[in-house]
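If you want the building blocks of each chain, they are given just below.
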Number of protein chains: 2
Amino acid sequence: MADHSTRAAYTVDSLLAVTVRVFNERGYDGTSMEDLSRAAGISKSSIYHHVRGKEELLRLAVGRALDALFAILDEPAATAGRPADRLEHVVRRTAEVLLDELPYVTLLLRVRGNTATEQWALERRRDFDHRVAALVQDAVTAGQLRADVEPRLATRLLFGTVNSLVEWYRPGQRGAEHLPDAVARFAFDGLRAR
Amino acid sequence: MADHSTRAAYTVDSLLAVTVRVFNERGYDGTSMEDLSRAAGISKSSIYHHVRGKEELLRLAVGRALDALFAILDEPAATAGRPADRLEHVVRRTAEVLLDELPYVTLLLRVRGNTATEQWALERRRDFDHRVAALVQDAVTAGQLRADVEPRLATRLLFGTVNSLVEWYRPGQRGAEHLPDAVARFAFDGLRAR
DNA sequence: GTCTATATGTTGATAGAC
DNA sequence: GTCTATCAACATATAGAC
């Protein structure tokens, strides 16, 4: 073996996993390179061997989340069928991806726009939202969603509901496999008893 | 007149209004006292004349949001009547308060927990959530909400939906007066056409 | 109530050895 | 691939004049 210690050397990916955890705990701006070095167990300058700086770590993390979300829109069930069914598929899958890639999506949803990287992330998020809004519009036009629903508002409330999972879900929590279904039922059928 | 310039002197409240706007634009950690001084048009040390420091500005801002939210729970319509009606009232009023006190509530919802002040804010938020969760439980027990709804999950999705308004609503936006109603319909009746 | 000047600590990033 | 040592810039906060 060629390694000089007991712990395997970091790769960009394994360093990213540690980084994203700390970013989510303390916030991106509230996290110093010193915080990251302590959490990773290596020195600050060692981090700079893997990445150009703090902002690159953010870019890699939110890029991973965005790629996973956009992939949903290309799935067969999102591109063919009744508009309402396609929309419901996207909502369920968005919730699933959010849970699968929880720390990365959490970080994405907290990005504010201070730096160029953050603005790029916000732009891609808006693009994703617009593509879902078009799906909502189609479903309303087809008479499959309530007629009094304003498509843009409905899209925003949908994402508000789905995205709020990052506020409280913690990995391994009981009943995770039923969450995407519960979210879809909430959004499409509501809480009220009939 | 006793003032020495054209602009009225700052009070804690008027300084807070400027501060909260900047905190929401750049994030609390991303905002420096220099940023605040530039936005307020006075020097850094003048800010310290009004408050002890940056963290006190945060405490005053989120305290205002929390007081407004807790006041809802004491309103007559929240303390008497059918559980489902009381819950629906709280949801509508939470949306209203959120829109009325938008910058303060926005800041509250973004608090992470790095400092003692932030932990205090998170604790009061949890307390508010628990009191609403009890209302949801009552409504489920009374058979007024779907039986397959887990009360804690329902509460979280409710707040996720309402709180998401801060992500996109901007003051003066068209149709604001219908928003609390639209949110309540979404949450209780869902999007699907019947 | 506001200012200029400054103290004191922390930050992101680099140099260069091993 | 990791380290120690260091830097310039920027942070929060204070002192003291007007």
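What you see is a predicted model, and the numbers here were worked out from it, not measured in a lab. (Residues numbered from 1 in each chain as written. Chains lettered and ligands numbered in written order. Predicted model: local features only at pLDDT ≥ 70, side-chain atom pairs only at ≥ 80, totals over all residues. Heavy atoms only, no water.)

Engineer: Sorry, what's going on with the overall build of chain A here?
Structural biologist: Along its length, chain A carries 10 helices and 0 strands. Each helix and strand of chain A, ordered N terminal to C terminal, gives the series α-α-α-α-α-α-α-α-α-α. Over its C-alpha atoms, taken along the principal directions, chain A stretches across nearly 65 × 35 × 30 Å. The long-range share in chain A, meaning contacts at least 24 apart out of those at least 6 apart in sequence, stands at 65%. As displayed, chain A offers around 9,400 Å² of accessible surface, 51% of which is attributable to carbon and sulfur atoms. Distance between charge centroids for chain A: 4 Å, based on 27 positive and 27 negative side chains. (Helix = DSSP H or I, 4+ residues; strand = E, 2+ residues; numbered from the N terminus. Contact = heavy atoms within 4.5 Å. Areas by Shrake-Rupley, 256 points an atom, 1.4 Å probe, with all protein chains shown as cover. Lys, Arg positive; Asp, Glu negative; His and termini not counted. Charge placed at Lys NZ, Arg CZ, Asp CG, Glu CD.)

Engineer: What am I meant to see in the UniProt feature "DNA-binding region" (unreviewed entry) in chain A here?
Structural biologist: The positions that UniProt labels "DNA-binding region" (unreviewed entry) are, in the present scheme, residues 32-51 of chain A. Helix makes up 75% of residues 32-51 of chain A and strand 0%, whereas the separation of the span's terminal C-alpha atoms amounts to 15 Å. (UniProt positions renumbered as here; feature names shortened; annotations may be inferred.)

Engineer: Just to check I follow, could you spell out the relation of the copies chain B and chain A for this structure?
Structural biologist: The pair of chain copies shares a relation made of a rotation about an axis and a shift along it. In the superposition of chain B on chain A (RMSD 0.0 Å, axial shift 0.0 Å), the rotation amounts to 180 degrees. The superposition operator between the copies reduces to a two-fold rotation axis. Residue Gly190 of chain B of chain B places its C-alpha closer to the rotation axis than any other residue of that unit, at 2.0 Å. Taken together, the interface assignments show that 100% of the residues at the interface of chain B recur at the interface of chain A, consistent with an identical surface on both copies. (Least-squares fit on C-alpha atoms with pLDDT ≥ 70 in both.)

Engineer: Honestly, the protein's contact with DNA strand C in this entry has me stumped. Any pointers?
Structural biologist: The immediate surroundings of DNA strand C are formed by 17 residues, with Met33 and Lys54 of chain A together with Ser43, Ser45 and His50 of chain B found nearest. In DNA strand C, atoms within 4 Å of the protein come from the sugar-phosphate backbone in 55% of cases. Residue Lys44 of chain A places a side-chain N or O atom 3.0 Å away from a base nitrogen belonging to DNA strand C. Ser46 of chain B is positioned such that a nitrogen or oxygen atom in its side chain is 3.0 Å from a phosphate oxygen of DNA strand C. Mapped onto the surface near DNA strand C, the elements with two or more residues apiece are helix H3 (44-50) of chain A together with helix H3 (44-50) of chain B. At 4 residues, H3 of chain B tops the list of elements feeding residues into the surface near DNA strand C. In terms of residue class, the surface near DNA strand C is built from 5 nonpolar, 9 polar and 3 charged. (Near = heavy atom within 4 Å. Polar contact = N/O pair within 3.5 Å; in protein donor to acceptor, adjacent residues only side chain to side chain. Nonpolar A, V, L, I, M, F, W, Y, C, P; charged D, E, K, R; others polar.)

Engineer: Mind showing me how you'd approach helix H7 (residues 102-110) of chain A here?
Structural biologist: For an α-helix the count is 3.6 residues per turn, leaving residues at separations of three or four pointing the same way. In terms of residue burial, H7 of chain A counts as a mostly covered element, since 7 of its 9 residues are buried. Turning to H7 of chain A, its buried residues number three or more, namely Leu102, Tyr104, Val105, Thr106, Leu107, Leu108 and Leu109 of chain A. (Buried < 20%, exposed > 50% of the residue type's maximum accessible area, 1.4 Å probe, protein only.)

Engineer: I tried to follow the UniProt feature "domain: HTH tetR-type" (unreviewed entry) in chain A on my own but got confused; where do I start?
Structural biologist: Here the UniProt-annotated "domain: HTH tetR-type" (unreviewed entry) positions come out as residues 9-69 of chain A. A helix fraction of 75% and a strand fraction of 0% characterise residues 9-69 of chain A, whose end C-alpha atoms lie 30 Å from each other.

Engineer: Explanation requested: the interface of chain B and chain A in the structure shown.
Structural biologist: Where the parts come together, the accessible area they lose is often given as the size of the interface. With 39 residues of chain B in contact, the opposing surface of chain A contributes 39 residues. In total, about 4,000 Å² of surface goes out of reach between chain B and chain A, with carbon and sulfur atoms giving 51% of it. At the junction of chain B with chain A, the criterion picks out 6 salt bridges. In this structure, Arg192 of chain A engages Glu88 of chain B in a salt bridge whose closest nitrogen and oxygen atoms are separated by 3.2 Å. Run the count over chain B and chain A and you get 21 residue pairs in polar contact (both at pLDDT 80 or more). Sorting the residues of the side of chain B that touches chain A by element identifies helix H1 (12-26), helix H9 (151-163) and helix H10 (179-189) of chain B as the ones contributing at least two each. Ranked by residue count, the leading element in the side of chain B that touches chain A is H10 of chain B, at 8 residues. (Buried area = accessible area lost by both parts, 1.4 Å probe. Salt bridge = Lys/Arg side-chain N within 4 Å of Asp/Glu carboxyl O.)

Engineer: How should I be thinking about the nonpolar core in this particular structure?
Structural biologist: One broad trend across soluble globular proteins is that nonpolar side chains are buried collectively. Formed by 137 residues in total, the largest nonpolar core has its most connected members in Leu87 and Leu98 of chain A together with Leu87 and Leu98 of chain B. A total of 11 residues in this core trace back to one element, the largest contributor, which is helix H4 (residues 54-73) of chain B. Other than its neighbours up to four places away in sequence, Leu98 of chain A contacts Val105, Leu109, Val162, Asn163, Leu165 and Val166 of chain A. (Core = buried A, V, L, I, M, F, W, Y, C linked by side-chain atoms within 4.5 Å.)

Engineer: Where do I start with the pattern of salt bridges in this structure?
Structural biologist: Once the charged atoms of two side chains with opposite charge are near each other, the side chains can pair. Considering all chains together, one arrives at 34 salt bridges over all chains under this definition. A salt bridge links Asp85 of chain A to Arg82 of chain A, with the shortest nitrogen-to-oxygen separation between them at 3.0 Å. When its relative accessible area of 39% is taken as the criterion, Asp85 of chain A is described as partly exposed. Linking Arg185 of chain B and Asp148 of chain A is a salt bridge whose minimum nitrogen-to-oxygen distance equals 3.2 Å. Of this pair, Arg185 of chain B sits in helix H10 while Asp148 of chain A sits in the loop between helix H8 (116-141) and helix H9 (151-163), on two different chains.

Engineer: Help me understand the protein's contact with DNA strand D, please; the structure alone is not making it clear to me.
Structural biologist: Around DNA strand D, the surrounding shell holds 17 residues, and the nearest of these are Ser43, Ser45 and His50 of chain A together with Met33 and Tyr48 of chain B. When atoms of DNA strand D within 4 Å of the protein are sorted by moiety, sugar and phosphate together comprise 53%. Here a phosphate oxygen of DNA strand D sits 3.3 Å away from a polar atom, N or O, in the main chain of Tyr10 of chain A. The backbone of Met33 of chain B places a nitrogen or oxygen atom 2.6 Å from a phosphate oxygen of DNA strand D.

Engineer: Looking at this structure, I do not really get the side chain of Thr155 of chain B. What am I missing?
Structural biologist: Residue and element names in this part refer to chain B. Tracing the sequence through the fold places Thr155 in helix H9. A polar contact is formed between the side chain of Thr155 and the backbone oxygen of Pro151, at a distance of 2.8 Å. Those residues in contact with Thr155 that sit more than four places away from it in its chain are Asp129, Val132, Ala133 and Val136.

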